[in-house]
Amino acid sequence: MRKQLIILVGMLLLTCHYTYSQGSPDYTGGLKVKLNEDGSKYFRIISWAQFWARYQDEVPDDVSNTSMSIRRARILTYAQINKDFLILTHFGLNSLNANNQSPLGRGEESQLFFHDVWGQYNLNANHAIGAGLHYWNGISRLNNQSTLNIMTLDNNRQSWATIGLSDQFARHIGIYAKGSFGKLQYRVSINESGTNNLQEGTDPVADGPAVYAGRRLLGSKDAGKNFAGYFDFHFLDQESNFLPYKVGTYLGGKKVFNVGAGFFFHPKGSVVANTAGDLEGEDVAIFAVDAFYDAPIGENGSAITAYATYQNNDYGENFTLGQTYETGSMIYGHVGYVIPNDNKKTKFQPYASFNTRSIDAIDDNATTFGVGANAYFSGHHSKITLEYLNTKYGDNDAQSFVTLQAMIYL
């Protein structure tokens, strides 16, 4: 294992050197194109990529312990034709690896798809409404997480609580309102729930667990819509809500302390079958409370980032899917520390994370523990991350992963 890890680290360090040499340590805002003289009409383009090399401890005899993948490759652009209107488009791919890439790039997994497409009208300086395939989600900060500046290697998976169940990759087609009342920010939405999802070929069995198939089996009239919202109070510095993507860590660049609460509600989103086989809808209801703190410590360049959340998940009776979604509850938290460093362009941030979940279907718990470190060469624009993750689900054997990530965005 030691030899394999040395090879893994060496390969990715070479990759990281290449990505850094192509970027600028003095990044000042990316590509923004003015469409008129005063810049009130413009469009901006953001592009990013994340490359993974991973070691997995427990694999079948004919499977390599090491693998490489493109975790994300994305392009996002938004434009304003005047101060009242904004349109945003975001497309890309996720988790492209040797098992799902196709010979000529025509396969389903190797295709680009839209993550976000929405238009927005600003009612005034503090409030706006919009519609489209959007990311103005409910539940928690992590369900609105940006993938550009996550502190841990990746987002806590269970916090993206509806991916593939009611939405398309954490995005719903719907209408939203967002804004602020003083230090209180809000985002609320009414959305269509997708007909096709990860349980597309699964139907309820008599007296069995719930299946997330309300719209498919009961119809769009009874189970077609869902409702979501998230509200957070900003005690210290005010975070921007110009875009929906929540920052994972500011590396001490701001002093932020927020407390939030949110929900997701899908009436008759899940379906159960009684003893006679008759179908009945069950409401899907998820809510969470959370707190986020990010601040510098003293004057030496050190900083702390801390986050904690409690989330209650009701997907229907004894619902469970892929050791990822379960009816039950979750406590998750992470903390990171920026080490003092005279070099203002290079920062090092060790961190730890912990997740424990209760699972009604198996009357047991699942736990995940992670430790890692980020090396920032130009903030989040050029960084590498090394993480060890250990996860255990009920009575199953624990799984361990060591992952090295190279990331750059412009």
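Scroll up to find the structure.
Position numbers for residues count from 1 along each chain, tracking the sequence in the order it is written. Per-residue local features of the predicted model are confined to residues with pLDDT of at least 70, and side-chain atom pairs are confined, for both listing and counting, to 80 or more; whole-chain, interface and lining totals are unaffected and use all residues. Water and hydrogen atoms play no part in the side-chain values, which are based on all heavy atoms of the structure.

Peer 1: How should the overall build of the chain be read in this particular structure?
Peer 2: Scanning the chain from N- to C-terminus turns up three helices and 19 strands. The size measure is the radius of gyration over C-alpha atoms, and the globule rule it meets is 2.2 Å times the number of residues to the 0.38 power. Its C-alpha atoms give the chain a radius of gyration of 22 Å, near enough to 22 Å, the size a compact globule of 410 residues would have. A principal-axis box enclosing the C-alpha atoms of the chain has dimensions of 70 × 60 × 50 Å. The buried label goes to any residue with under 20% of its type's maximum accessible area, the exposed label to any with over 50%, and the partly exposed label to all in between, with areas taken from a 1.4 Å probe on protein chains only. Counting all 410 residues of the chain, 48% fall into the buried class. Pairs at least 24 residues apart make up 62% of the contacts formed inside the chain by residues separated by at least 6 positions. In short, Shrake-Rupley with a 1.4 Å probe defines the accessible areas, and a residue's cover is counted only from the protein chains shown. For the chain, the exposed area adds up to about 19300 Å²; of that, 58% sits on carbon and sulfur atoms. Starting at the N terminus, helices and strands are each numbered in turn, a helix being any DSSP run of H or I of at least four residues and a strand any DSSP run of E of at least two. By the convention used here, residues are in contact when the closest approach between their heavy atoms is within 4.5 Å.

Peer 1: For this particular structure, what's the right way to read the pairing of strand β2 (residues 42–56)?
Peer 2: Strand pairing follows a simple DSSP-based rule, namely that at least 2 bridges must link the two strands. Direction of pairing for strand β1 (residues 31–34) relative to β2: antiparallel, over a ladder of four bridges. Within β2, the residue paired with Leu 31 across the bridge is Ile 45. Pairing of β2 with strand β3 (residues 66–82), which is carried by 14 bridges, proceeds in the antiparallel orientation. Residue pairing for β3: Arg 44 is matched across the bridge by Tyr 78.

Peer 1: Where do I start with a negative patch on the surface in this structure?
Peer 2: A cluster of acidic residues, Asp 283, Asp 314, Asp 360 and Asp 363, forms a negative patch on the protein surface. With respect to the helices and strands, Asp 360 occurs in the loop between β16 (347–359) and β17 (364–376). Given a relative accessible area of 43%, Asp 360 falls into the partly exposed group. Grouping into patches uses exposed residues only, defined as over 30% relative accessible area, and leaves out salt-bridged ones; the cut-off is 9 Å for like charges and 5 Å for nonpolar side chains (Val, Leu, Ile, Met, Phe, Trp, Tyr). The working definition used for a salt bridge is a side-chain nitrogen of Lys or Arg within 4 Å of a carboxyl oxygen of Asp or Glu. In this tally, Asp and Glu contribute negative charge and Lys and Arg positive charge; neither His nor the terminal groups of the chain are included. All charge positions are set by atom: Lys at NZ, Arg at CZ, Asp at CG, Glu at CD.

Peer 1: Explain the packing of aromatic side chains here, please?
Peer 2: In this description, an aromatic ring pair is defined by two values, namely the gap between the centres and the angle between the planes. In summary, the pairing rule links any two rings of Phe, Tyr or Trp, Trp by its six-membered ring, whose centres are within 6.5 Å, and it sorts them by plane angle into stacked for under 30 degrees, edge-to-face for over 60 and tilted for everything else. One pass over the structure, following the stated rule, counts 16 aromatic pairs. Ring plane angle 85 degrees and centroid distance 6.3 Å describe the contact between Trp 118 and Tyr 176, whose orientation is recorded as edge-to-face. You can see Trp 118 sitting in strand β5 (residues 113–122) and its partner Tyr 176 sitting in strand β7 (residues 172–181), a full 58 residues away along the chain. Each ring, one from Trp 136 and one from Tyr 176, has its centre 5.4 Å from the other, and the planes form 25 degrees; the classification is stacked. One end of the pair, Trp 136, is in the loop between β6 (127–134) and β7; the other, Tyr 176, is in strand β7, and 40 residues separate them in sequence. Look at Trp 136 and you get buried, because its relative accessible area is 1%. Grouped by ring-pair contacts, the aromatic residues Phe 233, Phe 235, Phe 257 and Tyr 293 constitute a single cluster. Across the ring face of Trp 52, the terminal group of Arg 71 is positioned such that the distance to the ring centre comes to 5.5 Å. Note on geometry: a ring has a charge over it if NZ (lysine) or CZ (arginine) is within 6 Å of the ring centre and within 35 degrees of the ring normal.

These figures capture arrangement, not role.
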